[in-house]
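# Examination of the molecular architecture
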Amino acid sequence: MNALEQLKQMTVVVADTGDLDAIRQYQPQDCTTNPSLILKAASLSGYAHLLEEARAMGDVEAAIDFLTVRIGTELTKLVPGYVSTEVDARLSFDADAMVTKARHLIDLYAQQGVGKERILIKLATTWEGVQAARVLEAEGIHCNLTLVFNLAHAIAAAHAGAYLQIGRAHV
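Residues numbered from 1 in each chain as written. Predicted model: local features only at pLDDT ≥ 70, side-chain atom pairs only at ≥ 80, totals over all residues. Heavy atoms only, no water.

## Thoughts on the overall build of the protein chain
- On a plain count of helices and strands, the protein chain comes out with eight helices and seven strands.
- The C-alpha radius of gyration of the protein chain comes to 16 Å, within 12% of the 16 Å expected for a compact globule of 171 residues.
- With the principal axes as the frame, the protein chain shows a C-alpha extent of 50 × 45 × 25 Å.
- Across the 171 residues of the protein chain, 44% fall into the buried class.
- For the protein chain, the share of sequence-separated contacts (at least 6 apart) that also reach a separation of at least 24 residues comes to 53%.
- Carbon and sulfur atoms make up 57% of the accessible area of the protein chain, which totals about 9000 Å².
- Across the protein chain, 14 positive and 20 negative side-chain charges occur, with their mean positions spaced 4 Å apart. (Helix = DSSP H or I, 4+ residues; strand = E, 2+ residues; numbered from the N terminus. Rg over C-alpha atoms; globule rule 2.2 N^0.38 Å. Buried < 20%, exposed > 50% of the residue type's maximum accessible area, 1.4 Å probe, protein only. Contact = heavy atoms within 4.5 Å. Areas by Shrake-Rupley, 256 points an atom, 1.4 Å probe, with all protein chains shown as cover. Lys, Arg positive; Asp, Glu negative; His and termini not counted. Charge placed at Lys NZ, Arg CZ, Asp CG, Glu CD.)

## Considerations on the packing of helix α6 (residues 95-111) against helix α7 (residues 127-138)
- Contact pair α6 / α7: the axes reach a minimum separation of 8 Å and the direction vectors enclose 45°. Accordingly, the angle class assigned to the pair α6 and α7 is oblique. The crossing of α6 and α7 is right-handed. When α6 is examined against α7, the residues Ala 95, Met 98, Val 99, Ala 102 and Arg 103 are found in contact with a partner set consisting of Glu 128, Gly 129, Gln 131, Ala 132, Val 135 and Leu 136.
- Its residues assigned to classes, the contact of α6 with α7 comprises seven nonpolar, two polar and two charged. (Axes fitted to C-alpha atoms, helices over the stretch in contact; angles between N-to-C directions. Parallel < 35°, antiparallel > 145°, perpendicular 65-115°, else oblique. Left-handed = near helix turned anticlockwise from the far one by under 90°. Nonpolar A, V, L, I, M, F, W, Y, C, P; charged D, E, K, R; others polar.)

## Concerning the pattern of salt bridges
- Inspection of the entire model under this criterion finds nine salt bridges.
- Arg 55 is paired through a salt bridge with Glu 52; the nearest N and O atoms lie 2.7 Å apart. Residue Arg 55 and its partner Glu 52 are both found in helix α4 (residues 48-56); the two are separated by three residues, about one turn of the helix.
- The structure contains a network of salt bridges with shared partners spanning Glu 61, Asp 65 and Lys 101. (Salt bridge = Lys/Arg side-chain N within 4 Å of Asp/Glu carboxyl O.)

## Quick notes on the side chain of Thr 76
- Among the secondary structure elements, Thr 76 is positioned in helix α5 (residues 60-76).
- Not counting the four nearest positions on each side in its chain, Thr 76 is found in contact with Val 83, Val 114, Arg 118 and Ile 119.

## Some remarks on the nonpolar core
- Among the nonpolar cores identified, the biggest contains 40 residues, and Ile 121 and Leu 123 are the most heavily contacted of them.
- Looking at this core, the element that brings in the most residues is α6, giving eight residues.
- The contact partners of Ile 121, leaving out residues within four places of it in the chain, are Thr 85, Val 87, Ala 102, Leu 105, Ile 106, Ile 141, His 142, Cys 143 and Asn 144. (Core = buried A, V, L, I, M, F, W, Y, C linked by side-chain atoms within 4.5 Å.)

## Some remarks on the side chain of Thr 126
- Here Thr 126 shows up in the loop between β4 (119-124) and α7.
- Judged by its relative accessible area of 13%, Thr 126 is buried.
- At 2.9 Å, the side chain of Thr 126 and the backbone nitrogen of Gly 129 are in polar contact.
- Not counting residues within four places of it along the chain, the set of residues in contact with Thr 126 comprises Ser 92, Phe 93 and Met 98. (Polar contact = N/O pair within 3.5 Å; in protein donor to acceptor, adjacent residues only side chain to side chain.)

## Details of the packing of α4 against α5
- Put simply, α4 and α5 touch, their axes get as near as 8 Å, and they point 155° apart. In terms of their interaxial angle, α4 and α5 are classed as roughly antiparallel. Judged by the twist between their axes, the crossing of α4 over α5 is right-handed. Counted together, Leu 50, Leu 51, Glu 53 and Ala 54 of α4 and Ala 63, Phe 66, Leu 67, Arg 70 and Ile 71 of α5 form the full contact between these two elements.

## Looking at helix α8 (residues 151-160)
- What α8 keeps buried is the set Ala 154, Ala 157 and Ala 160. Within α8, the buried residues cover an arc of 125° as seen down the axis, which keeps them to one side. Facing away from the buried side of α8, by more than 90 degrees, are the exposed residues Leu 151, Ala 152 and His 159.
- Positive backbone phi, at 80°, marks Gly 161, one or two positions downstream of α8. (Arc of directions from axis to C-beta.)

Take a look at the structure:
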């Protein structure tokens with residue numbers, strides 16, 4: 001038994017990539033994406049058609065959201081658990097903007113036939129991010145708070161009912 005198989009017996013493996021080939025190879029339970037991972041994945045030959053569709057949109061933000069959700073949709077076909085999708089970090093200090101973006105991403109996933117129960121919305125653990133997570137969790141949109149640097153962050157995430165980047169375990 002290799003080290004990965006041993007690890008899978010003790011914990012949940014979460015892949016931090018948008019590379020479909022890597023997901024197929026390592027078969028994690030969940031996976032997470034972020035803009036840099038999506039950009040890297042989009043540069044792979046298997047994603048060329050998606051990149052062309054995104055470019056044709058004309059609007060950069062719409063193209064990024066489209067590409068993120070399309071790659072996330074493909075990831076939902078490969079992992080049995082969650083696909084964590086990050087809200088633009090530039091919104092990290094605007095709770096209303098994070099909530100609006102999260103709802104938009106969930107709507108885009110729904111248009112692709114992916115239910116919100118398969119998606120974790122990834123938010124920075126700022127005060128505003130915790131408030132956004134509280135609102136979204138109340139709506140049944142599960143959140144994954146990232147950039148947890150101390151116990152206060154972890155406690156705030158737990159009070160919001162959100163998941164933490166450190167693992168799949170719900171605190």
